[in-house]
Amino acid sequence: MTTFTPRVFSGMQPTGNLHLGNYLGAMLNWIKLQETQECIYCVVDMHAITLWQEPKELHKAILEVTAAYLACGLDPKRSIIFNQSQVQEHAELAWIFNCVARMGWLNRMTQFKEKAGKDKEQASVGLYVYPNLMAADILAYKATHVPVGEDQKQHLELARDIAGKFNLDFGDAIREAGYNGDFFPLPEPFIIGPATRVMSLRDGAKKMSKSDPSDLSRINLSDDADTIARKIRKAKTDTDGLPSEAAGLKGRPEAENLVGIHAALSGQSVEQVLAQFGGGQFSRLKEALAELSVAKLGPIGRETRRLKADPGHVEGILADGSARARAIAAPILREVRKIVGFVVS
Ligand code: TYM
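The notes below deal with the structure included here.

The rules behind each value
Residues numbered from 1 in each chain as written. Predicted model: local features only at pLDDT ≥ 70, side-chain atom pairs only at ≥ 80, totals over all residues. Heavy atoms only, no water. Buried < 20%, exposed > 50% of the residue type's maximum accessible area, 1.4 Å probe, protein only. Helix = DSSP H or I, 4+ residues; strand = E, 2+ residues; numbered from the N terminus. Pairing = 2+ DSSP bridges. Core = buried A, V, L, I, M, F, W, Y, C linked by side-chain atoms within 4.5 Å. Expected span 1.5 Å × (residues − 1). Phe/Tyr/Trp six-rings, centres within 6.5 Å; stacked < 30°, edge-to-face > 60°. Lys NZ or Arg CZ within 6 Å of the ring centre and 35° of its normal. Near = heavy atom within 4 Å. Polar contact = N/O pair within 3.5 Å; in protein donor to acceptor, adjacent residues only side chain to side chain. Areas by Shrake-Rupley, 256 points an atom, 1.4 Å probe, with all protein chains shown as cover. Nonpolar A, V, L, I, M, F, W, Y, C, P; charged D, E, K, R; others polar. Salt bridge = Lys/Arg side-chain N within 4 Å of Asp/Glu carboxyl O. Patch = residues over 30% accessible without salt bridge, like charges linked within 9 Å, V, L, I, M, F, W, Y side chains within 5 Å. Lys, Arg positive; Asp, Glu negative; His and termini not counted. Charge placed at Lys NZ, Arg CZ, Asp CG, Glu CD.

**Quick word on the pairing of strand β3 (residues 80-83)**
Residues Ile80 and Phe82 point to one face of β3 and Ile81 and Asn83 to the other, with burial holding for every one of them. Sheet topology places strand β2 (residues 39-43) next to β3; four bridges connect them, and they run parallel. Its bridge partner being in β3, cysteine 42 is matched across the sheet by phenylalanine 82.

**A closer look at the nonpolar core**
Counting residues in each nonpolar core, the largest one holds 60 residues, and the members touching the most others are Tyr23, Leu24, Met27 and Tyr69. Counting residues per element, this core draws most heavily on helix α3 (residues 55-72), at ten residues. Listed in part, the 48 residues of the second largest apolar core include Cys42, Leu93, Leu127 and Ala163.

**Concerning α3**
For α3, with 18 residues, the first-to-last C-alpha span of 26 Å sits near the 26 Å given by 1.5 Å per residue. A large share of α3 lies buried, amounting to 13 of its 18 residues. Just downstream of α3, glycine 73 is the residue with a positive phi angle, here 120 degrees.

**Brief notes about the packing of aromatic side chains**
Here the structure, examined in full by the defined rule, presents twelve aromatic pairs. For the pair phenylalanine 112 and tyrosine 128, a centre-to-centre distance of 5.2 Å together with 80 degrees between the ring planes defines the contact as edge-to-face. Of the two residues, phenylalanine 112 sits in helix α6 (residues 110-116) while tyrosine 128 sits in helix α7 (residues 125-139), which places them 16 residues apart along the sequence. Since its relative accessible area comes to 12%, phenylalanine 112 is described here as buried. Consider the rings of phenylalanine 166 and phenylalanine 170, whose centres lie 4.7 Å apart with planes at 40 degrees: the pair is tilted. Three or more aromatic residues joined by ring pairs form one cluster here, namely Phe97, Phe166, Phe170, Tyr179, Phe183 and Phe184. For the cation-ring pair, lysine 142 lies above phenylalanine 183, with the distance from its terminal atom to the ring centre recorded as 3.7 Å.

**A few points about the site of the ligand**
The immediate surroundings of the ligand are formed by 27 residues, with Tyr130, Asp137, Gly149, Asp151 and Val198 found nearest. Side-chain polar atom of glutamine 152 to a nitrogen atom of the ligand: 3.1 Å apart, as the coordinates give it. When isolated, the ligand has an accessible area of 710 Å², and the protein chains bury 96% of it. When contributions to the shell around the ligand are tallied by element, the ones reaching two or more residues are β1 (8-12), α1 (20-33) and α7. Looking at the shell around the ligand, its residues break down into eleven nonpolar, eleven polar and five charged.

**Brief notes about the pattern of salt bridges**
By the definition in use, this model includes 18 salt bridges. Notably, a salt bridge pairs glutamate 57 with lysine 60, separated by 3.7 Å at the nearest N-O pair. Remark: lysine 60 and glutamate 57 occur in helix α3; sequence separation between them is three residues, near one turn of the helix. Of the charged contacts, one joins aspartate 151 and lysine 207 as a salt bridge, the two residues approaching to 2.9 Å between their closest N and O atoms. Here the residue aspartate 151 occupies a position in the loop between β4 (145-147) and α8 (153-169), and lysine 207 occupies one in the loop between β5 (188-190) and α10 (225-233), the gap between them amounting to 56 residues. By relative accessible area, which is 29% here, aspartate 151 ends up partly exposed. Where salt bridges share partners, they join Asp215, Arg218, Asp223 and Lys231 into one cluster.

**Description of unusual backbone geometry**
Notably, lysine 142 is not glycine yet its phi reads approximately 50 degrees, a positive angle. Checked against the element boundaries, lysine 142 lands in the loop between α7 and β4. By relative accessible area, lysine 142 is classed as buried at 15%.

**Points about a positive patch on the surface**
On the surface, a cluster of positive charge is made up of Arg202, Arg230, Arg233 and Lys234. As for its placement among the helices and strands, arginine 233 is situated in helix α10. With relative accessibility at 59%, the residue arginine 233 sits in the exposed group.

Here you go:
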C-alpha cells in the first residue's frame, strides 16, 4: 500500500448565494482544516453549468462565492482558492474517468435522479457524468480528505470506486512507471459536526438548498440581520416543547434541525444545547438562535459585500490560486497520460 501525503480538497457550486447548510456542513470544517493541513478550495464553475446558467449571472456568482469564501475566513495565503475552469486538468482527468466509471455506477446516483426530475431525456449529459468530474477534481491533486456535507457522501463513494478501478485496471502500467503500489489514494469523506445535513426551515424532511423556491426555507450568508431573525422566528416547529435529552429529538426533524444549527453555530454539542433549552418553549431557543446567527453571519455578509465591490482583487486571488493549483495538477496529469498509454512528448 502506498501512503499518500495528506491533502484536503473541496468545492462549492457558484449557483446563487451560499446558505447556512453550506456554512455549517462544509465551510466550518474547511476553516478548521486550513490551520493544520494543506488545503485546496475550489469554486466549481464547471459543475454549475450542468444546469443552465445565464453567463453574466454565472460570472457574478463565481466572484461572489469567492468573496464569501474569503469573508468566511478562508485565507488565500494558507489555502489555494481558485475556480475550476482555470485549471484544465480537471476536464482532462474527468474525460479519462468517463472511460473508467461504469454506467451502472452512475445510474445509482440519487442526486442525478433528484436534479434531472421526471424528464431525464432533457437533462444535460454533463449532469449525468457530474460525479466523474467531481472525482477528477479531487484526484487531480491526489487529495486524501474531502470535507463535505452528508449529501455528498454517495459521490465520494463513487470517487473512491473510480480511484480503485483506475489503480486496478492500470496496475501494470502504474508499476512500470515506478510506483510500487497505487497511483491514486482512495479519498476519505470528512463529514463531521452537529449539522452535516441542515434541513429546510419550512419542512424538516427537506434539505436546505439553493434551489428551494421559498427563500424562507434557508438562511443565506448574504441575508441582513432583520431577514435572518424573521426567518428563524417563522421556522416551522411542532407543538411540543423541547426535550432535555437528544433521544427526545427522534422523529421530530424540525426540532432536531434547530438544535443542531444552534450547536454548530455555538460550537457546542447537541446535549449542551438541550441542557440549556430543554424543557422550555421553542420561542426561547429561536430567540437565542436568531441572536447567535446574526452575530455569526452578519459580519460575513458585510465582508462579502465589501469584497464584491472590488472584483479586481477577487479575480487576482483566483488567478494566483489557479496557477498554484495547476502547478500541482499538471505533473500528476502528465503521469496519468503516460500510465494510460498516451504518447507524451
Ligand atoms: P454544493 O455546492 O451543493 O454544496 C457545497 C457544500 O455544502 C454542503 N451542503 C450542505 N451541508 C449540510 N446541509 C445542507 N443542507 C447542505 N447543502 C449543501 C455540501 O455537502 C457541500 O459540501 N458536488 C458538490 C461540489 C463539488 C465538490 C467537488 C465537493 C464539486 N467537486 C469535489 C467536494 C469535492 C456540490 O454540488 O456541493
